[in-house]
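# Observations on chain architecture
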Amino acid sequence: MGSVARIRELDALRGFAVGGIMLVNTWQHAPHEPQTGIDQVVDTFFQSRFYPIFSLLFGISFVLFLRGSDRWALAGRLAWLMGFGLVQHLWYPGEVLTDYAFFGVLVLLPASFLPGGLLPLLLGVALLAWSVMSGGGYLGIEDAPPFVSNGPLLIPAAFLIGMGLMRLRPSRRLLAPGFVVSVLAVVFLTAAWNSTGDWSLYLAGAVAGASAYVTGLLLVLRPWLSAALEPLGKMALTNYVSGTVVIVLAAPLLAADPTRWSVLGLTAVTLLVQGVFSRWWLARFRYGPLEWIWRCLTWFRYVPNKLESGRDENRPLPDPGVS
């Protein structure tokens, strides 16, 4: 089992995406009538923006994992991820883990044999364009498999783009131009969506918004901000699953609140608790609780988790997408 130092920016981005997903998922479980200002803000600036980021990071982490392990280990890891998703699906039908496992096997494993980064990147962009033009449908088929809850082409497209970018490692000097172009695209596409109601324009705006968040965060990322986000990202699987439990348990509160302030309050409290707990846990252990179980299952053996002294920055490879 290989090892490599974690890339802290990826952990911070993953933590940012976990927070955004928590907000959107909480909001989706609240009533939206009558519509409030909070509904408009979440729908305009946050809805559909964070799963593309999470999917992009999954593709990036896929490349990192393969630097220290083989494809058989990764296939097993994806199989166990499917198992986690199926268990979560029992109480949270909107879970995304089964989608990631399914498309990981269907798309990323075969794509790992492609040479270089340009070809996966171009395939990802082409698949993204197809996804947007088809309204995000599942491979052009009306009904996705029953164990794939969301099934949009956007997920494997972002997987491939993440794989390509990680292999190519583009210059950081492209961040600022990328941010400006993404913001301009968001403004134009949002205005066009509001005028026409064309769902493809909405999806394109969501992708542009995700790009603006990624490039913008990397531009402003400072040690204090990274330190706040990294614990959430390093325990992304644990925080994502525990967040869905909170949402399900709080469903009566969300349903009874016509103002939608409970959405913001529940999200803020949950992320604060998760952030504090993640920092406390990672000061003592290498992996989060579910991340550790996932790793033990993958390797079919007990993996030491407790830190003997201090924090270990040179930990084994991050788990694909959610570790």
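Basis of the calculations
- Residues numbered from 1 in each chain as written.
- Predicted model: local features only at pLDDT ≥ 70, side-chain atom pairs only at ≥ 80, totals over all residues.
- Heavy atoms only, no water.
- Helix = DSSP H or I, 4+ residues; strand = E, 2+ residues; numbered from the N terminus.
- Buried < 20%, exposed > 50% of the residue type's maximum accessible area, 1.4 Å probe, protein only.
- Contact = heavy atoms within 4.5 Å.
- Axes fitted to C-alpha atoms, helices over the stretch in contact; angles between N-to-C directions.
- Parallel < 35°, antiparallel > 145°, perpendicular 65-115°, else oblique.
- Left-handed = near helix turned anticlockwise from the far one by under 90°.
- Nonpolar A, V, L, I, M, F, W, Y, C, P; charged D, E, K, R; others polar.
- Phe/Tyr/Trp six-rings, centres within 6.5 Å; stacked < 30°, edge-to-face > 60°.
- Lys NZ or Arg CZ within 6 Å of the ring centre and 35° of its normal.
- Expected span 1.5 Å × (residues − 1).
- Patch = residues over 30% accessible without salt bridge, like charges linked within 9 Å, V, L, I, M, F, W, Y side chains within 5 Å.
- Areas by Shrake-Rupley, 256 points an atom, 1.4 Å probe, with all protein chains shown as cover.
- Salt bridge = Lys/Arg side-chain N within 4 Å of Asp/Glu carboxyl O.
- pLDDT = per-residue confidence, 0-100.

### Quick look at the overall build of the protein
Within the protein one finds 14 helices and zero strands. The order of α-helices and β-strands along the protein, N terminus first, is α-α-α-α-α-α-α-α-α-α-α-α-α-α. The burial tally for the protein puts 52% of its 323 residues in the buried class. Taking contacts inside the protein between residues at least 6 apart in sequence as the whole, the part at least 24 apart equals 79%.

### Quick notes on the packing of helix 6 (residues 118–133) against helix 7 (residues 154–168)
It is the contact of helix 6 with helix 7, at a shortest axis distance of 7 Å, that shows an interaxial angle of 155 degrees. As summarised for this structure, helix 6 and helix 7 are arranged roughly antiparallel, according to the angle between their axes. Note that helix 6 runs across helix 7; the crossing there is left-handed. Two secondary-structure elements touch here, helix 6 through Leu118, Pro120, Leu121, Leu123, Gly124, Val125, Leu127, Leu128 and Ser131 and helix 7 through Leu154, Pro156, Ala157, Leu160, Ile161, Met163, Gly164, Leu165, Arg167 and Leu168. Its residues placed into classes, the contact of helix 6 with helix 7 shows 15 nonpolar, three polar and one charged.

### As for the packing of aromatic side chains
Under the definition given, this model contains 20 aromatic pairs. Taken together, the aromatic side chains of Phe16, Phe46, Phe50 and Tyr213 make up a single cluster linked through ring pairs. Geometry around phenylalanine 113 places arginine 71 over its ring, the cationic atom sitting 4.0 Å from the centre. In this structure, lysine 306 is placed above the aromatic ring of phenylalanine 285, and the distance from its NZ or CZ to the ring centre is 5.5 Å.

### Brief notes about the side chain of asparagine 25
Topologically, asparagine 25 is positioned in helix 1 (residues 8–28). Residue classification places asparagine 25 among the buried positions, given a relative accessible area of 4%. Setting aside residues up to four positions removed in sequence, asparagine 25 forms contacts with Tyr51, Tyr92, Tyr240 and Ile247.

### Regarding the packing of helix 10 (residues 223–234) against helix 13 (residues 261–282)
Interaxial distance between helix 10 and helix 13 falls to 8 Å at its minimum, and their mutual angle equals 80 degrees. One finds that helix 10 runs roughly perpendicular with respect to helix 13. Judged by residue contacts, Ala227, Ala228, Pro231, Leu232 and Lys234 of helix 10 engage Leu271, Gln274, Gly275, Ser278, Arg279 and Leu282 from helix 13. By residue class, the composition of the contact of helix 10 with helix 13 is six nonpolar, three polar and two charged.

### A closer look at helix 5 (residues 97–111)
Here helix 5 spans 20 Å end to end across 15 residues, near enough to the 21 Å set by a 1.5 Å rise per residue. Within the span of helix 5, buried status applies to Leu97, Thr98, Asp99, Tyr100, Ala101, Phe102, Phe103, Gly104, Val107, Leu108, Leu109 and Ala111. Where helix 5 is buried, its residues touch helix 3 (50–66), helix 4 (71–89), helix 7 and helix 11 (236–249).

### Things to note about the environment of glycine 104
Relative to the assigned elements, glycine 104 resides in helix 5. Given a relative accessible area of 0%, glycine 104 falls into the buried group. C-alpha separation for the pair glycine 104 and glycine 59, spaced 45 residues apart in sequence, amounts to 8.6 Å. Among all residues touching glycine 104, those that are not within four sequence positions of it are Phe62, Leu78, Leu109 and Phe159.

### Overview of a nonpolar patch on the surface
The grouping of Phe179, Val180, Val183, Leu184, Val187, Leu219 and Val220 at the surface amounts to a nonpolar patch, some 570 Å² of accessible area in total. Only helix 8 (175–196) and helix 9 (199–220) provide two or more residues apiece to the nonpolar patch. Among the elements that take part in the nonpolar patch, helix 8 stands out by supplying five residues, more than any other. With respect to the secondary-structure elements, valine 187 resides in helix 8.

### Here's the deal with the confidence of the model for the protein
For the protein, per-residue confidence averages 89 on the pLDDT scale, and residues scoring 70 or more make up 89% of the total. Throughout residues 140–144 the model reports pLDDT below 50, and contacts reaching past four residues in sequence, or to other chains, amount to three contacts. This stretch, residues 312–323, has a pLDDT under 50; its non-local contacts, to residues over four places away or in other chains, come to 60 contacts.

### Let's talk about unusual backbone geometry
A cis geometry characterises the amide bond from glutamate 33 onward to proline 34, with omega recorded as -5 degrees. Inspection of the secondary structure assignment puts proline 34 in the loop between helix 1 and helix 2 (37–45). Even without being a glycine, serine 48 presents a positive backbone phi close to 70 degrees. Mapped onto the fold, serine 48 is located in the loop between helix 2 and helix 3.

### A word on helix 14 (residues 289–299)
Each α-helix turn comprises 3.6 residues. Residues three or four places apart therefore point the same way. Glu291, Trp294, Arg295, Cys296 and Thr298 are the residues of helix 14 that are buried. Those residues of helix 14 that are buried are in contact with helix 4, helix 10 and helix 11. Phi turns positive, to about 55 degrees, at phenylalanine 300, one or two residues after helix 14.

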